[in-house]
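Residue-level structure breakdown
Take a look at the letters that make up each chain.
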Amino acid sequence: MDPLSITLGRGDSSHSPTVIGTCTDGSKWDLTDYVTWKSSDNTVADMVAGTISARNTGKALLTAVYETVESVPLQVIVEKPRLVSIIARVDKPKGDIKDVFTLTALGVSSDSSEEDLTDTVSWVFSDLKAFRLEKNILHPRTTGSFGAFAQYGEIRSQPIRIDVVMSLRWISSTLAL
């Protein structure tokens, strides 16, 4: 069997490993589609329809069975859920130059759980001079359309667009001075 060990995050899945049977004459056959699987702990990991499902943290051994012959077990190590995506949001996509914009980032893990990553992510902007950033609050410095995304490790959110305009509200408050 190849590989002999696999590590997954809780909620992840992986395709079945290749199972090669060796006959007494030395010939080798791909038995992947003909074996049944058994797990030492179905609550941690099991194999259904050729897919390994990582259910809970821990270790399980998956064994391929062909007729009466059992394979060397595949060790499946299931770790905590793995971050798979980030959803970045801005409280309002369009605002006045005197407004502030609030950014939030939601992490989605391999088990579909969600976690607020707002204070953990790095924020990347298309124009670094367009805003002053204090934690997750943006203070515009200029007008225009700008892109931003949240990043944590190698995971990036889809970009968000922020439009900053100069409105009559700002112009009238400036004239009143």
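Report follows, based on the coordinates.

Calculation criteria
Position numbers for residues start from 1 in each chain and track the written sequence from start to end. Local features in a predicted model are, by the rule used here, given only for residues with pLDDT of at least 70; side-chain atom pairs are given and counted only at 80 or more, and totals for whole chains, interfaces and linings are based on all residues. Here the side-chain values reflect all heavy atoms present in the structure, with hydrogen atoms and water set aside. Here a strand is any run of E in DSSP of at least two residues, a helix any run of H or I of at least four, and the numbering for each starts at the N terminus. C-alpha atoms define the radius of gyration in this analysis, and the globule rule sets the expected value at 2.2 Å times the number of residues to the power 0.38. Burial classes follow relative accessibility: with a 1.4 Å probe on protein chains only, a residue under 20% of its type's maximum area counts as buried, one over 50% as exposed, and anything between as partly exposed. Here, Shrake-Rupley sampling with a 1.4 Å probe gives the accessible areas, and only protein chains in the shown set may cover a residue. At least two DSSP bridges between two strands are required for those strands to pair.

A short note on the overall build of the protein chain
- When its secondary structure is counted, the protein chain shows one helix and 20 strands.
- At 26 Å, the protein chain has a C-alpha radius of gyration far larger than the 16 Å of a compact globule built from 177 residues.
- Projected onto its principal axes, the C-alpha coordinates of the protein chain cover approximately 95 × 30 × 20 Å.
- Each of the 177 residues in the protein chain was classed as buried or not, and the buried ones make up 36%.
- Surface accessibility of the protein chain: about 11000 Å² in total, with carbon and sulfur atoms responsible for 52%.

Side note on unusual backbone geometry
- If you check the backbone angles, Ala 49 has positive phi at about 50° while not being a glycine.
- Structurally, Ala 49 can be placed in the loop between strand S6 (45-48) and strand S7 (51-54).
- Despite not being glycine, Glu 67 has its phi angle at roughly 55°, a positive value.
- Inspection of the secondary structure assignment puts Glu 67 in the loop between strand S8 (58-66) and strand S9 (69-70).

A word on the pairing of S7
- By the bridge criterion, three bridges tie strand S2 (residues 13-15) to S7 in an arrangement that is antiparallel. Paired with His 15 across the two strands is Thr 51, which belongs to S7.
- The pairing of S6 with S7 spans four bridges and is antiparallel. Looking at S7, one finds that Val 48 is bridged to Thr 51.
- In this antiparallel pair of consecutive strands, S6 and S7, the connection spans two residues, and Ala 49 shows a positive phi of 50°.

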